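# Coordinate analysis (summary)
The chain contents come next:
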Amino acid sequence: MKYLLLPVHLLKFWYPEALFVFIRIWKNLILFLEEDLAVSLMWKLIFVPLFHDSSITGRVLSVIFRIGRILTGIFAFILVSVFILAMALFWLTLPIGVVWGIWGPPVGGWGWGVLFAGCGLFIIHIVTHPHKEVWQIKAPLEIWAASWIKKDNVIFSKLLSSDDVINLLLYLETTSEVFIGLSITSLDQVSALALELAKKTKAKYIDSCHFFVAAVILTPNIGNFLLKINLKVEDFDEALNFLEKKKNKWRFVYIWDSDFAVHHLKGVNRGWLGVPTPLLDSVSEDLTRHASRMSFPDITGRKLVILEVINLLSQEGRRNVLLAGPPGAGKSSLINFLAKQILSGDAPPALATKRLVKLDTTRLLSGIRTEGELAERIKGVFDEVSFAGNIILVVEEIHNLGIGEAGTLWNLYSLLLPYLESSAFQFLATTEEENYTKILEKNGSFARLFTKVELPPANEMETLEILEEKAIEFERRRKIKISYIALEKCVELSAKLIHNRVLPDSAIEVLNESISYAQNGWI
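Residues numbered from 1 in each chain as written. Predicted model: local features only at pLDDT ≥ 70, side-chain atom pairs only at ≥ 80, totals over all residues. Heavy atoms only, no water.

### Thoughts on the overall build of the protein chain
Helix and strand counts for the protein chain come out as 22 helices and six strands. Dimensions along the principal axes, computed over C-alpha positions, put the protein chain at roughly 85 × 70 × 40 Å. On the protein chain, roughly 27900 Å² of surface is accessible, and the fraction owed to carbon and sulfur atoms is 63%. (Helix = DSSP H or I, 4+ residues; strand = E, 2+ residues; numbered from the N terminus. Areas by Shrake-Rupley, 256 points an atom, 1.4 Å probe, with all protein chains shown as cover.)

Next comes the structure, spelled out in structure tokens:
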């Protein structure tokens with residue numbers, strides 16, 4: 001039926017659909033330019049001096065610089081808009097122009113070439129893509145317009161011969177032969193559930209895997225059948241979700257796609273407000289700068305803990321936060337994720353221009369011979385922090401600063417205490433629960449200076465989601481495949497057998513170790 005309506009589809013492709021594509025491209029390009037050139041931000045900050053230079057010369061130069069950025073941005077917006085408008089008018093009038101013969105040589109030949117190229121693009125699109133995407137489906141009868149699969153092919157024997165289904169079964173460590181003999185009792189129920197699964201997994205189209213998993217779920221007494229091969233009904237749903245997640249992460253999104261998203265650039269120093277901090281840089285690691293060079297992984301789960309940390313860091317008073325949790329619970333990963341959020345512009349306004357800077361006590365103490373030298377170096381560091389005004393200092397394992405303990409060469413805590421007590425500085429620290437009880441809690445001033453946030457070990461479901469993200473990255477970088485069953489086993493065995501480390505760290509370590517034993521490209 002799709003091919004009988006080709007002329008109608010061609011008209012829709014060339015006019016209303018193309019018009020929406022041009023509008024989408026224009027909008028995405030404008031957003032991209034705005035994110036890159038920061039025109040609206042430059043307007044808001046037009047009288048704010050660059051790099052804290054409040055001198056008359058500095059203010060004048062700042063205004064000139066920001067006005068220049070604004071004018072450059074406006075010019076770029078106009079240029080892009082004119083170009084897209086010209087392209088749209090050419091495309092929309094081309095068929096009429098060619099037919100009426102108003103394209104004289106040499107434009108005539110070029111016009112015909114573009115027309116035939118457009119028709120070829122339409123044919124490729126109509127042959128390789130269903131007519132609609134999943135999100136466009138409004139009624140049950142429209143399901144088939146969002147799928148490559150025809151109604152007659154939604155039977156177990158044909159679904160099992162699909163490459164997608166064979167691949168899904170490999171990730172479940174089983175084969176299609178196991179399912180020969182099963183049958184579908186209600187096509188309507190299977191297709192409706194396949195649509196639900198496609199929406200749930202954020203798939204663009206409904207493919208054979210969605211129909212297959214829907215058919216498995218709806219098969220009577222399937223639970224008993226799957227017990228024989230050590231699988232559960234949930235495994236099929238979750239493996240499908242894992243493969244769709246991998247597909248979505250690997251898929252390249254073009255500027256004309258409906259799901260194209262502009263990557264935020266609202267993070268650190270986008271308004272040219274930050275200042276150089278050479279002494280601080282020599283004794284620390286800038287996590288926000290590090291996040292720009294390599295992609296820190298996302299944090300799966302832990303939303304409430306992350307939200308609590310962000311809220312505490314964003315408030316006016318009592319802004320120092322202590323993140324307490326057992327080794328391997330993910331304290332460092334959470335801080336790295338926060339740095340990534342700041343850099344990408346996904347942090348709240350109060351943190352949007354902050355720098356997360358991790359203090360390195362080894363480098364801080366390097367070359368120091370007397371406590372006076374150390375005090376002078378610390379003063380120099382915090383003078384820079386104070387002038388910058390946008391730095392959150394990260395102190396990992398803060399109990400190692402010598403709080404209340406004898407025997408250390410210098411008590412860093414006593415030298416840092418004036419800065420910890422000052423509202424001009426902000427700290428994000430980590431420790432373990434045992435050290436908090438043993439060392440930190442006994443120090444009354446410390447408990448007063450920090451708000452404690454507990455980070456418990458991840459549960460098995462959260463850990464499985466974390467391993468999925470790791471597995472997708474491993475498959476891309478190392479050209480190996482990791483079955484979904486292997487991920488489940490990593491979590492299950494780590495929780496059961498490893499007692500000196502907690503989830504998710506123990507399961508991640510097991511997965512890392514398993515990679516070295518991978519055979520034939522599979523784990």
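### A look at the packing of aromatic side chains
For the structure on display, the rule yields 18 aromatic pairs. Look at phenylalanine 212 and phenylalanine 236: their rings are 6.3 Å apart centre to centre, the planes differ by 55°, and that puts the pair in the tilted class. Taken together, the residues span a long stretch of sequence, with phenylalanine 212 in helix α8 (residues 208–218) and phenylalanine 236 in helix α10 (residues 233–250) at a distance of 24 residues. An aromatic cluster is built from Phe156, Phe179, Phe212, Phe225 and Phe236, whose rings are joined through pairwise contacts. Over the ring of tryptophan 250 we find lysine 246; its NZ or CZ atom is 5.2 Å from the centre of that ring. (Phe/Tyr/Trp six-rings, centres within 6.5 Å; stacked < 30°, edge-to-face > 60°. Lys NZ or Arg CZ within 6 Å of the ring centre and 35° of its normal.)

### Let's talk about the nonpolar core
Counting 58 residues, the largest nonpolar core has Phe212 and Phe236 as its most contacted members. When residues of this core are assigned to their parent elements, the largest contribution, seven residues, is made by α8. In this structure, phenylalanine 236 is in contact with Leu169, Leu172, Phe179, Phe212, Val213, Val216, Leu226 and Leu231, ignoring residues within four places of it in sequence. Core analysis: the next-biggest nonpolar cluster, separate from the first, contains 34 residues, Tyr419, Phe425, Ile439 and Leu440 among them. (Core = buried A, V, L, I, M, F, W, Y, C linked by side-chain atoms within 4.5 Å. Buried < 20%, exposed > 50% of the residue type's maximum accessible area, 1.4 Å probe, protein only. Contact = heavy atoms within 4.5 Å.)

### Side note on the side chain of lysine 246
Its place among the elements puts lysine 246 in helix α10. Owing to a relative accessible area of 10%, lysine 246 belongs among the buried residues under this scheme. Beyond its immediate stretch of four places on either side in the chain, lysine 246 contacts Tyr171, Ile472 and Glu475.

### Describing helix α22 (residues 505–515)
Inspection of α22 places Ser506, Ala507, Ile508, Leu511 and Ile515 among the buried residues, and these make up the whole buried set. Residues of α22 that are buried make contact with α20 (460–478) and α21 (484–497).

### Looking at unusual backbone geometry
The step from leucine 503 to proline 504 runs through a cis peptide bond, and the omega angle for that step is 5°. Locating proline 504 in the fold gives a position in the loop between α21 and α22. The phi torsion at lysine 202 lies on the positive side, around 60°, for a residue other than glycine. We classify lysine 202 as exposed; its relative accessible area is 66%. Phi is positive for asparagine 230, close to 60°, though the residue is something other than glycine. For asparagine 230, the position within the fold is in the loop between α9 (222–227) and α10.

### A short note on the pairing of strand β5 (residues 426–431)
Summarising burial for β5: six of the six residues are buried, a large majority. With burial as the criterion, each face of β5 is covered, one bearing Gln426, Leu428 and Thr430 and the other bearing Phe427, Ala429 and Thr431. The pairing of strand β2 (residues 321–324) with β5 spans four bridges and is classified as parallel. Within β5, the residue paired with leucine 322 across the bridge is alanine 429. (Pairing = 2+ DSSP bridges.)

### Side note on a nonpolar patch on the surface
A surface patch of nonpolar side chains, amounting to about 450 Å² of accessible area, comprises Ile67, Leu71, Ile74, Ile78 and Val82. For leucine 71, a relative accessible area of 54% translates into the label exposed. (Patch = residues over 30% accessible without salt bridge, like charges linked within 9 Å, V, L, I, M, F, W, Y side chains within 5 Å. Salt bridge = Lys/Arg side-chain N within 4 Å of Asp/Glu carboxyl O.)

### Some words on the sheet that holds strand β3 (residues 355–359)
As summarised here, the arrangement of the six strands in space is β1-β3-β4-β5-β2-β6, forming an open sheet in which the pairing is mixed. On the outer flanks of this sheet lie β1 (284–286) and β6 (451–454), each paired with one strand and no other. The sheet shows a mean angle of 25° between the axes of neighbouring strands, direction not considered. As judged from the three bridges shared by β1 and β3, these two strands associate in the antiparallel manner. Along β3, the bridge assignment pairs serine 284 with leucine 359. Contacting β2, β3, β4 (391–395) and β5, helix α14 (residues 331–344) crosses the sheet at an angle of about 150° to β5. (Axes fitted to C-alpha atoms, helices over the stretch in contact; angles between N-to-C directions.)

### Comments concerning empty space enclosed by the protein
Using the criterion set out here, one finds one cavity of 30 Å³ or more in the structure. Here the largest cavity defines a volume of roughly 60 Å³. Taken together, Phe156, Ser183, Ile184, Thr185, Ser186, Gln189, Val190, Ala215, Leu218 and Thr219 form the lining of the largest cavity. Classifying every residue of the lining of the largest cavity by side-chain character gives five nonpolar, five polar and no charged. (1 Å grid on protein atoms, 1.4 Å probe; cavity = no way out; pocket = protein on both sides within 12 Å on 5 of 7 lines; lining within 4 Å. Points joined across faces, edges and corners; volume = space filled by probe spheres on them. Nonpolar A, V, L, I, M, F, W, Y, C, P; charged D, E, K, R; others polar.)

### Quick word on helix α18 (residues 433–440)
All of the buried residues along α18 are Asn435, Tyr436, Ile439 and Leu440. Mapping the buried residues of α18 onto a view down its axis gives an arc of 105°, with all of them on the same face. In α18, those exposed residues whose orientation departs by more than 90 degrees from the buried face are Glu434 and Lys438. Among the structural elements, β2, β5, α19 (444–449) and β6 are those in contact with the buried residues of α18. (Arc of directions from axis to C-beta.)

### Regarding the pattern of salt bridges
Counted by the stated rule, this structure contains 26 salt bridges. Two residues, arginine 369 and glutamate 373, come together in a salt bridge whose shortest N-O distance is 3.2 Å. Across the salt bridge formed by arginine 477 and glutamate 473, the nearest N and O atoms sit 3.2 Å from each other. One end of the pair, arginine 477, and the other, glutamate 473, are both in helix α20, four residues apart, so they sit about a helical turn from each other. Assessed through its relative accessible area of 36%, glutamate 473 is described here as partly exposed. Each member of the salt-bridge network shares a partner with another, and the members are Asp281, Asp286, Arg289 and Arg355.

Interpretation note: all reported values are geometric properties and have no functional meaning in isolation.
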